[in-house]
Amino acid sequence: MLDPADPQLVVDSRTLHFSWLPADPDGVAALVPPGLRPRADRQVFMNQYVVDDAAQTSGFGAYSLTYLGVSLVGTDAPDGVTPGGWWTHYIASSPRVRGYAAARGAPAVLGRTRIDVQGDVLVAETVADGVPVIRARARVGATGHEVRRGHHRYLTMRDGELISGVYPFISEPVSPFEVESVEFLAPDHPTYVLRPENPLLIPWGFYAPRTSFAYPGGLTRYPVETPAHADAAPGHQVPARRSRSGLPSGS
């Protein structure tokens, strides 16, 4: 088992990362523990990614992972702009990754994620306990000269304490990019409460065939401060019904 105090590096993962507004805002809010506050719009985020080769990691080996969670207020990343997030689900193919993440407070369970790109159509599917639970579909273009870089802050619970981790990342996103659908396929699965509203509203997102990031060495207790209010973010709306012969304008 990897020492959870040690940092870990992953390079060139294939990453689909985006957010939406949920169909069950109250159910989403109920997933957030005392001491943390969800955004007023109850925004949900998801990262589906695949690491194809052990040479892309410092110690994890090849694996796939989907994590989901709730965006927060009062817990921003170091840039003071990017909202922090509470991990509600963490579905990983590798026992090594699951053990490492669980020791840091992540709700790690067994599952697999695949990302297939055919032409400009991307399909990402997450399977947990042998059952497909999430399927996302997006239109994607090619990478250009844009590079996104920064940090994410994710909160977990360990031994009854809220723990903060700040995760640096560098991504090379494709353009154009548009999420077309997000399906939660298993009503009996715990992830189902996070399903999106219809019509689908996407505040932000990207697909990058090359995303590099690090799990920080060590975690810190997070002194939560709850602000008086939260502002909603703009987004692009996906029509409730879509013709297979045409696409709406991009976000």
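Residues numbered from 1 in each chain as written. Predicted model: local features only at pLDDT ≥ 70, side-chain atom pairs only at ≥ 80, totals over all residues. Heavy atoms only, no water.

Caption draft 1: Quick peek at the side chain of Ser171. Summarising the element assignment, Ser171 is placed in strand E10 (residues 161-171). Accessibility expressed as a relative area gives 0% for Ser171, which makes it buried. Side-chain polar atoms of Ser171 contact the side chain of Thr211, separated by 2.8 Å. Apart from the residues within four sequence positions on either side, Ser171 is in contact with Glu146, Val147, Arg148, Phe206, Ala208, Arg210 and Thr211. (Helix = DSSP H or I, 4+ residues; strand = E, 2+ residues; numbered from the N terminus. Buried < 20%, exposed > 50% of the residue type's maximum accessible area, 1.4 Å probe, protein only. Polar contact = N/O pair within 3.5 Å; in protein donor to acceptor, adjacent residues only side chain to side chain. Contact = heavy atoms within 4.5 Å.)

Caption draft 2: Highlighting the nonpolar core. Among the nonpolar cores identified, the biggest contains 37 residues, and Leu16, Phe18, Trp20, Phe177, Val182 and Tyr207 are the most heavily contacted of them. Apart from the residues within four sequence positions on either side, Tyr207 is in contact with Arg14, Thr15, Leu16, Ile115, Val117, Leu122, Val140, Glu172, Pro173, Val174 and Phe177. (Core = buried A, V, L, I, M, F, W, Y, C linked by side-chain atoms within 4.5 Å.)

Caption draft 3: A look at the side chain of Arg98. When you line up the elements, Arg98 lands in helix H2 (residues 95-103). It turns out Arg98 is buried and unbridged, and the closest side chain with the opposite charge, Asp129, is 8.7 Å from it. For Arg98, the contacting residues outside a window of four places in its chain are Ala92, Ser93, Ala108, Val109 and Leu110. (Lys, Arg positive; Asp, Glu negative; His and termini not counted. Salt bridge = Lys/Arg side-chain N within 4 Å of Asp/Glu carboxyl O.)

Caption draft 4: Quick peek at unusual backbone geometry. Cis peptide bonds are those with omega within 30 degrees of zero, and the linkage from Ser175 to Pro176 qualifies with 0 degrees. Of note, Pro176 is situated in strand E11 (residues 174-184). Between Asn198 and Pro199 the backbone carries a cis peptide bond, its omega angle lying at 10 degrees. Here Pro199 lies in the loop between E11 and strand E12 (200-202).

Caption draft 5: Representation of the pattern of salt bridges within the structure. The full count for this structure, using the stated rule, is 12 salt bridges. The salt bridge involving Glu125 is made with Arg135; its shortest N-O contact spans 2.8 Å. Note that Glu125 is positioned in strand E7 (residues 121-128) and Arg135 in strand E8 (residues 131-143), a separation of 10 residues in sequence. What makes Arg135 partly exposed here is its relative accessible area of 27%. For Arg221, the salt bridge identified is with Glu161, shortest N-O distance 3.3 Å. In this pair, Arg221 is assigned in strand E14 (residues 220-221) and Glu161 in strand E10, connecting sequence segments 60 residues apart. The network of salt bridges with shared partners includes Arg114, Asp116, Glu125, Arg135 and Glu183.

Caption draft 6: Expanded view of the packing of aromatic side chains. This model, assessed by the stated rule, comprises 18 aromatic pairs. Residues Trp87 and Tyr154 carry aromatic rings whose centres are separated by 4.9 Å and whose planes lie at 20 degrees to one another, so their mutual orientation is stacked. In this pair, Trp87 is assigned in strand E5 (residues 85-92) and Tyr154 in strand E9 (residues 148-158), connecting sequence segments 67 residues apart. As far as the burial class goes, Trp87 and Tyr154 line up, both buried. (Phe/Tyr/Trp six-rings, centres within 6.5 Å; stacked < 30°, edge-to-face > 60°.)

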